[in-house]
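# Structural characterization, general
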Amino acid sequence: MFLWCFKPKFYKKSKSTTSYMKIRLDIVRKKRIAMVKNYKTDIVNLLNNGQDYEAYKRTELLLEELRIISCYDLIERFCDCISENLSLMLKKRECPEECREAVSSLIYATAWVPDVPELKDLRAVFTKRFGTFIASSVNHELVEKTELRRLPSRELKIQTVKDVVNEFSINWDPTPLKLMLLRENSALQIKDKVETRADYLNKDTEKSMIDEQSEDESVLSESWRRDSLSKGSLSSSSSSSSSSLKRESVRKKKRNKILPYGIVSPPHTKTGTRNDEKAQEEKEEKKKSVDQKNSRLLGIQDSSRSLTSTSKNEVSTTKENERTSSFERPKLLEYDDVVARLAALRRR
């Protein structure tokens with residue numbers, strides 16, 4: 001007892017926390033064991049009443065309690081290892097190999113076992129002396145029972161029911177329960193197949209809708225192109241002189257404009273500087289030839305217009321002469337003749 005007072009702080013803190021942890025583990029373990037007994041009695045009562053499926057479900061709670069009790073057993077074993085090797089831990093500044101698994105497992109268990117608050121104090125003591133723990137040195141059984149735990153399988157549940165039946169010496173036939181579980185499993189498989197088929201059909205319908213939309217867009221783009229080409233042909237047939245200019249303007253517009261409905265014009269290939277100069281010279285020559293043709297056509301049109309206007313004037317003059325020639329003015333009587341005729345009419 002006298003030597004205990006002169007021990008360093010690390011020794012005192014670790015010794016006291018491990019002792020308190022054992023006491024806490026005993027209290028919590030007793031509670032869990034009582035819960036296990038209650039679940040077992042519930043399973044027995046359900047089997048006696050013919051409720052096999054309900055007893056089968058109750059095994060999940062029973063297995064969960066047994067899992068937690070096994071975690072408590074591992075923690076208690078690690079506490080015993082630390083209490084036995086405390087003198088060795090005092091001599092070395094680093095954590096010895098004999099206690100490395102126990103220290104790292106207890107530090108790891110603080111996040112997964114909330115029923116034992118003394119684990120936090122022990123973690124603070126170990127991290128202050130040895131630093132962070134190594135995750136690879138944690139006990140694999142503790143990791144499987146805490147972080148990597150999964151729902152128990154069907155075989156494990158049936159086996160736990162059998163163990164309870166053997167413990168309480170009950171006559172029980174597992175065949176109806178197995179048949180029920182097989183039916184349930186087959187129904188779930190059929191449901192999963194139906195759901196997967198429905199998802200597949202939905203995906204197919206979505207793909208068909210997308211394909212139809214793309215086809216509609218292609219049809220519309222083709223109709224737009226046909227309309228533009230038909231308009232170009234009508235305008236070219238109206239006047240032979242402006243057809244070449246319009247075709248060149250349409251080609252330029254098609255090169256520069258962005259087509260609708262997601263159709264993109266093909267990219268122009270880049271040529272060298274010499275090719276660009278040649279292309280510009282050819283364009284200028286074409287423009288000159290087109291201007292000369294247009295000037296000739298305009299002269300021809302003006303001459304034709306003047307001829308038509310002169311012919312129209314001649315026709316109008318001839319019509320006016322015919323009208324004047326056909327019209328003859330009546331001859332007027334003299335005054336004396338009029339007076340003589342009136343006197344003759346009065347005499348009568």
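Residues numbered from 1 in each chain as written. Predicted model: local features only at pLDDT ≥ 70, side-chain atom pairs only at ≥ 80, totals over all residues. Heavy atoms only, no water.

In terms of helices and strands, the protein carries twelve helices and zero strands. Each helix and strand of the protein, ordered N terminal to C terminal, gives the series α-α-α-α-α-α-α-α-α-α-α-α. The buried share among the 348 residues of the protein stands at 25%. Nonlocal contacts in the protein, meaning residues at least 24 apart in sequence, comprise 75% of its contacts between residues at least 6 apart. Working note: accessible area of the protein is about 26700 Å², and carbon and sulfur atoms make up 54% of it. (Helix = DSSP H or I, 4+ residues; strand = E, 2+ residues; numbered from the N terminus. Buried < 20%, exposed > 50% of the residue type's maximum accessible area, 1.4 Å probe, protein only. Contact = heavy atoms within 4.5 Å. Areas by Shrake-Rupley, 256 points an atom, 1.4 Å probe, with all protein chains shown as cover.)

Topologically, T59 is positioned in helix α3 (residues 52-84). On a C-alpha basis, the gap between T59 and K40 in space is 8.4 Å, while along the polypeptide they are 19 residues apart. For T59, the residues in contact, after removing those within four places along its chain, are I43, K157, T160 and V161. From its side chain, T59 meets the backbone oxygen of Y56 in a polar contact 2.3 Å long. (Polar contact = N/O pair within 3.5 Å; in protein donor to acceptor, adjacent residues only side chain to side chain.)

The subject of this paragraph is the nonpolar core. Counting residues in each nonpolar core, the largest one holds 33 residues, and the members touching the most others are I75, M89, L106 and F126. Those elements that provide at least two residues to this core are α2 (9-48), α3, α4 (86-91), α5 (97-109), α6 (118-130) and α7 (140-146). With eight residues, the single largest contributor to this core is α3. Once residues lying within four places of it in the same chain are set aside, the contact partners of M89 are F10, I82, P96, C99, V103, F126, R129 and F130. (Core = buried A, V, L, I, M, F, W, Y, C linked by side-chain atoms within 4.5 Å.)

Glancing now at the packing of aromatic side chains. Scanning the model with the defined rule gives four aromatic pairs in all. With centroids separated by 6.3 Å and ring planes inclined at 35 degrees, the aromatic side chains of Y108 and W112 adopt a geometry described as tilted. The exposure class assigned to W112 is partly exposed, which follows from its relative accessible area of 36%. Here the aromatic residues F10, F126 and F130 are joined through ring pairs into a cluster of three or more. The ring of F10 has R129 lying over it, and the distance from NZ or CZ to the ring centre is 4.7 Å. (Phe/Tyr/Trp six-rings, centres within 6.5 Å; stacked < 30°, edge-to-face > 60°. Lys NZ or Arg CZ within 6 Å of the ring centre and 35° of its normal.)

At S169, a residue that is not glycine, the phi angle is positive and equals roughly 50 degrees. Within the secondary structure, S169 is located in the loop between α8 (154-168) and α9 (175-238).

Evaluated as defined, the whole model comprises twelve salt bridges. Through salt bridges with shared partners, one network takes in D26, R29, D73 and E76. (Salt bridge = Lys/Arg side-chain N within 4 Å of Asp/Glu carboxyl O.)

The subject of this paragraph is a nonpolar patch on the surface. A cluster of nonpolar side chains, contributed by Y20, I23 and I27, occupies part of the molecular surface with about 320 Å² of accessible area. Among the structural elements, Y20 can be located in helix α2. (Patch = residues over 30% accessible without salt bridge, like charges linked within 9 Å, V, L, I, M, F, W, Y side chains within 5 Å.)

Between its terminal C-alpha atoms α6 stretches 18 Å, which fits the 18 Å expected from 13 residues at 1.5 Å a residue. Every buried residue of α6 is accounted for by E118, L119, L122, V125, F126, R129 and F130. Burial along α6 is one-sided: seen end-on, the buried residues are contained in an arc of 125 degrees. Projecting away from the buried face of α6 at angles above 90 degrees are the exposed residues K120 and K128. Positioned one or two residues after α6, G131 has a phi angle of 85 degrees, which is positive. (Expected span 1.5 Å × (residues − 1). Arc of directions from axis to C-beta.)

Put simply, α2 and α6 touch, their axes get as near as 9 Å, and they point 155 degrees apart. Compared by their axis directions, α2 and α6 come out roughly antiparallel. For the pair α2 and α6, the crossing hand works out as left-handed. Side by side, α2 and α6 meet where F10, K13, S14, T17, T18, Y20, M21 and R24 of the first sit next to E118, L119, D121, L122, V125, F126, R129 and F130 of the second. Looking at the contact of α2 with α6 residue by residue, the class counts come to eight nonpolar, three polar and five charged. (Axes fitted to C-alpha atoms, helices over the stretch in contact; angles between N-to-C directions. Parallel < 35°, antiparallel > 145°, perpendicular 65-115°, else oblique. Left-handed = near helix turned anticlockwise from the far one by under 90°. Nonpolar A, V, L, I, M, F, W, Y, C, P; charged D, E, K, R; others polar.)

Looking now at the side chain of K40. Note on placement: K40 falls in helix α2. In this structure K40 comes out as buried when scored by relative accessible area, which is 19%. Setting aside anything within four residues of it in sequence, one finds K40 in contact with L62, V164, E167 and F168.

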